[in-house]
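Analysis of the macromolecular model
The primary structure of each chain is shown beneath.
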Amino acid sequence: MKRASGFVLVAFWVAFACALQVALLAFGPWVDLGTASVTRALVPDLGICVLVAAVARVGRHDAVGLAIAATVGRAAFTGATPFALLAGSIVVAYLAGSLGRMAELDRPFLRVTSAGVGALLFGWWLLFVDFVRVGEARASGALSFGEVVAPLAWAPLVTAFTTALVAFALWPMLRALPGLRRLERSVF
Amino acid sequence: MSSRAATVTIAGVSALLALRPFGPMDRLADLVTLPSRAAAPLGLPATLVTEFRAPKESGADETRLAGESELSVQLEEAVLFSAWPTEVELRPDVKPVVGEVDARLGRSRDVIRVRVADPKRVELGQPVVAGDVYIGRVSRIPFREPSADDPGLLERLMRALRLSSPPLEPPRDAVDVALVTGADQRVGGLVLEDQEGNSCALVVGGLAWRPDDVVWLAIHAPERRSTSQGVVEVSEPLGLDEDFGVLGEGFKIGRLRAAEVARPDTDSEWAFMRPLSGAEDDSRASRSELMTRRIVGIQSYIDFRGINQVLVLAPSEGAEPVDHDRMREEMPLTPVLQDGGWGGARLLVTGDAVPWRSTLRVDRGIRDGLEVGAALVEGVRLAGRVSDPRPMASAVATVFDPGFSVNVLAQSEEDPKAPPLAMGRLTSEGRAADGSLLLRWLPDRGTAWPAWALDSSTGGRSRDVEVTLWTGSGMVRVPRGLRIGRATLPADARPAGTAADSEEGCLLRVEETASLRGPFQVRLGGARLSRTDALADGEAAPR
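All figures in this text were calculated on a predicted structure; none of them were measured in a lab.

Rules used throughout
- Residues numbered from 1 in each chain as written.
- Chains lettered and ligands numbered in written order.
- Predicted model: local features only at pLDDT ≥ 70, side-chain atom pairs only at ≥ 80, totals over all residues.
- Heavy atoms only, no water.
- Helix = DSSP H or I, 4+ residues; strand = E, 2+ residues; numbered from the N terminus.
- Contact = heavy atoms within 4.5 Å.
- Areas by Shrake-Rupley, 256 points an atom, 1.4 Å probe, with all protein chains shown as cover.
- Buried < 20%, exposed > 50% of the residue type's maximum accessible area, 1.4 Å probe, protein only.
- Pairing = 2+ DSSP bridges.
- Buried area = accessible area lost by both parts, 1.4 Å probe.
- Salt bridge = Lys/Arg side-chain N within 4 Å of Asp/Glu carboxyl O.
- Polar contact = N/O pair within 3.5 Å; in protein donor to acceptor, adjacent residues only side chain to side chain.
- Expected span 1.5 Å × (residues − 1).
- Phe/Tyr/Trp six-rings, centres within 6.5 Å; stacked < 30°, edge-to-face > 60°.
- Patch = residues over 30% accessible without salt bridge, like charges linked within 9 Å, V, L, I, M, F, W, Y side chains within 5 Å.
- Lys, Arg positive; Asp, Glu negative; His and termini not counted.
- Charge placed at Lys NZ, Arg CZ, Asp CG, Glu CD.
- pLDDT = per-residue confidence, 0-100.

Some words on the overall build of chain A
- Helices and strands together make up the secondary structure of chain A, namely seven helices and zero strands.
- Going from the N terminus to the C terminus, chain A shows its helices and strands as α-α-α-α-α-α-α.
- Sequence-distant contacts, at least 24 apart, represent 76% of the contacts inside chain A between residues at least 6 apart.
- Total accessible area on chain A stands at roughly 7600 Å², and carbon and sulfur atoms take up 73% of it.

Printed below as a string of structure tokens:
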């Protein structure tokens, strides 16, 4: 029960982070297929930051659970499909967990790397999903949404950079988010 | 299985399901993410900021809605009337059946599905016209075909366990029309007066070969080989009793034209052609002379991709001549928001955590009957289409979402009652810095745009035309006559690929679009409901 409430709290914090991210995006330029969307990508992926911080506390063995919680939290603020979010979140969580096995994720270089690379992979994965689904829908004459053009490939790079900066600067706060302690397993 | 293997497996399966959606698993994912709806209030700041930044318009909302609804009715009236011939006279024994083009099925461009007002009178082979132009004939009536459902043992077991369901019956009012552009379609034609004053009978069907993708109808077995100009009309005088071809007599097919076009000038083709031609040298002049070919074809008067409303020419049941004028005046006309297929929707969150998408979420979902593609409107303005319906909420791709595409009709602001221009499918490229919508328009070769621009201009000179853009027919769960916004169509817009314009067509800047503030209504039924009395035949009423 204690751990379950921990996962619920992770979902809440990811949802909160995504809500904040969407609010920041609302101040940015409008969406387009070119430079405006790349500029919008300066807003960091705060949901990824929360997920990586949670993995840092809990470890790789709970990567799937944390990814599901992150997917539930993120689903309220994006039109991407749940399975795309889940697959991306698992990869990010597993990557952070694997890095955390080598050394403490609290080290600046590792937390910056795990959050930055995680945001990059997550963004590119969502672009790839849109690319495949739109391409197939066009080939079959089915209904599709979203568009992928070459300039957008830069957007996840920009997001990755700012996400890494946020992970570097706000790590102590992210690490101390209420509820994460509930997920820790006692060693003895 | 180790924890690591399990994680990799779950990630792999999720990735596969993201790329290849599978219905039951999607439903499962919907259930797992159900609690996310509770997080919607967190999105309030984003919604408020978006509302604050949206371009403001003068005037009260109620006045604007009333004005736009009136314009929508005028557009609908113009579209309905555009299906009726103005120059060609309908035979007195023809009682046409009105039909609206429904969503296209698959990728075939040579077959359109039409929802007709009186399906009982429609038979296979009956000619179909749009205005004065013959477009094809009825090729299939799905509802009358025997059911192809023959479940095996496993399927029957699945159905008994409610894990599967029989295929849906096709709508009673749907008929498929094979366009004359189809390779296997043929119709008799007659050029009343060619360039030499002679008449010429010929057969029309399929597309003429052109290296530059210009849409010309092909001609076959012309009576005179020299005929290369003139107006081609339907002429099928030898129709048999069961042949309805004679009902379409006199309708126009297009204008016969001839052109010298260059064949693909590749070295390999030249190497093949040179010995056959007896050309003495490899000079550019002799090569280009040999590599040109004379094409004779028919340029249609309409854009086959932009057909919205048609008439099926069915024979009259009675002996008395049909009063077509009266039929035309008494066509039922239902305003787009008053056909009973709409339900209110409350905005949950505006904006998307993915920076290159523009979506929002509303509180209506699958439980309310929402399906993918359903239109979301703000007044009579199109705000978006449902992209991901979930049990109790749905994601909506807004008109500003890059890649959002929509069939568009342009209504001249100077003469709203004139027949609108079918612009084909336009694709959103997001928003400009001033908040206006950017729509990419690729005028098709064979488009009616140049002629329409001339009609909408004064003094016989084409100029930019101020238009209101509306949704056209042919989209799933998006009815015709929803306002997209105001734009200026540039006079120099040319079909894509011509020298005068680039492959990219032109980018329209659309103003007075949906503000995404609400209040919203969402489409709970199909694109068409009671607009042509389709419910009279016992179909379930929409919710």
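Thoughts on the overall build of chain B
- For chain B, the count of helices and strands is nine helices and 25 strands.
- Here chain B, with 543 residues, has 50% of them falling under the buried criterion.
- When the accessible surface of chain B is totalled, it reaches about 25400 Å², and 53% of it is carbon and sulfur.

Structural notes on the pairing of strand β16 (residues 375–378) of chain B
All names here are of chain B.
- What you see with β16 is no split at all: A375 and V377 on one side and L376 and E378 on the other are buried throughout.
- With four bridges connecting them, β16 and strand β17 (residues 381–389) associate as antiparallel partners. Looking at the pairing, V377 lines up with L382 of β17.
- What sits between the antiparallel neighbours β16 and β17 is a turn of two residues, in which G379 has the positive phi angle 70°.
- Two elements, β16 and strand β25 (residues 520–523), share three bridges in a ladder whose sense is antiparallel. Looking across to β25, one finds that E378 is bridged to F520.

Observations concerning the interface of chain B and chain A
- At the junction of the two partners, chain B supplies 64 residues and chain A supplies 61 residues.
- Summing the contributions of chain B and of chain A, the shared interface buries around 5000 Å²; its carbon and sulfur component is 68%.
- Between chain B and chain A we count two salt bridges in total.
- Close ionic contact of R20 of chain B with E136 of chain A constitutes a salt bridge, the shortest N to O distance being 3.0 Å.
- In this structure, the connection of chain B to chain A is made through 16 residue pairs in polar contact (both at pLDDT 80 or more).
- Elements that contribute at least two residues to the side of chain B that touches chain A include exactly α1 (3–19), α2 (23–32), α3 (44–53), β14 (347–350), β15 (359–362), β17, β18 (394–398) and β20 (421–431) of chain B.

Quick word on the side chain of T7 of chain B
- Structurally, T7 of chain B can be placed in helix α1.
- On the basis of relative accessibility, which here comes to 5%, the residue T7 of chain B falls in the buried class.
- The contacts of T7 of chain B, once residues within four sequence positions are left out, are V64, I90 and Y94 of chain A.

Describing helix α5 (residues 82–102) of chain A
- The end-to-end C-alpha separation of α5 of chain A is 30 Å, in line with the 30 Å expected for 21 residues at 1.5 Å each.
- Counting buried positions along α5 of chain A gives 15 out of 21 residues, so the element sits mostly inside the fold.

Observations concerning the packing of aromatic side chains
Residues and elements named next belong to chain A.
- Under the counting rule described, the total for this entry stands at four aromatic pairs over all chains.
- The interplanar angle of 85° and the centroid separation of 6.0 Å between the aromatic rings of W13 and F16 together place this pair among those described as edge-to-face. Here W13 and its partner F16 are both found in helix α1 (residues 2–27), three residues apart, which amounts to about one turn of the helix.
- With relative accessibility at 19%, the residue W13 sits in the buried group.
- An angle of 35° between the planes, with centres 6.2 Å apart, marks the rings of W125 and F128 as tilted. One end of the pair is W125 and the other is F128, both in helix α6 (residues 108–140) and three residues apart, which spans about a single turn.
- According to the relative accessible area criterion, W125 is buried, its value standing at 17%.
- Looking at F128, the relative accessible area reads 41%, which means it is partly exposed.

Some points on a negative patch on the surface
All names here are of chain B.
- Together, E70, E77, D323, D325 and E329 line one region of the surface with negative charge.
- Of all the secondary-structure elements, those providing two or more residues to the negative patch are α4 (61–82) and α8 (324–329).
- On the secondary structure map, E70 appears in helix α4.

Some points on the confidence of the model for chain B
- Put simply, chain B has an average pLDDT of 81, and 83% of its residues get 70 or more.
- This stretch, residues 497–502 of chain B, has a pLDDT under 50; its non-local contacts, to residues over four places away or in other chains, come to nine contacts.

Regarding the pattern of salt bridges
Residue and element names in this part refer to chain B.
- What the rule picks out here adds up to 30 salt bridges over all chains.
- Across the salt bridge formed by D30 and R27, the nearest N and O atoms sit 3.1 Å from each other. One end of the pair is D30 and the other is R27, both in helix α2 and three residues apart, which spans about a single turn.
- Using a relative accessible area of 3% as the deciding quantity, one classes D30 as buried.
- Between R486 and E413 there is a salt bridge, and its shortest N-O distance comes to 2.7 Å. One end of the pair, R486, is in strand β23 (residues 483–489); the other, E413, is in the loop between β19 (405–412) and β20, with 73 residues separating them in the sequence.
- Taking relative accessible area as the criterion, R486 reaches 29% and is therefore assigned partly exposed.
- Each of the salt bridges in this network shares a partner with another, and the network as a whole consists of E68, R381, E413, R483, R486 and E512.

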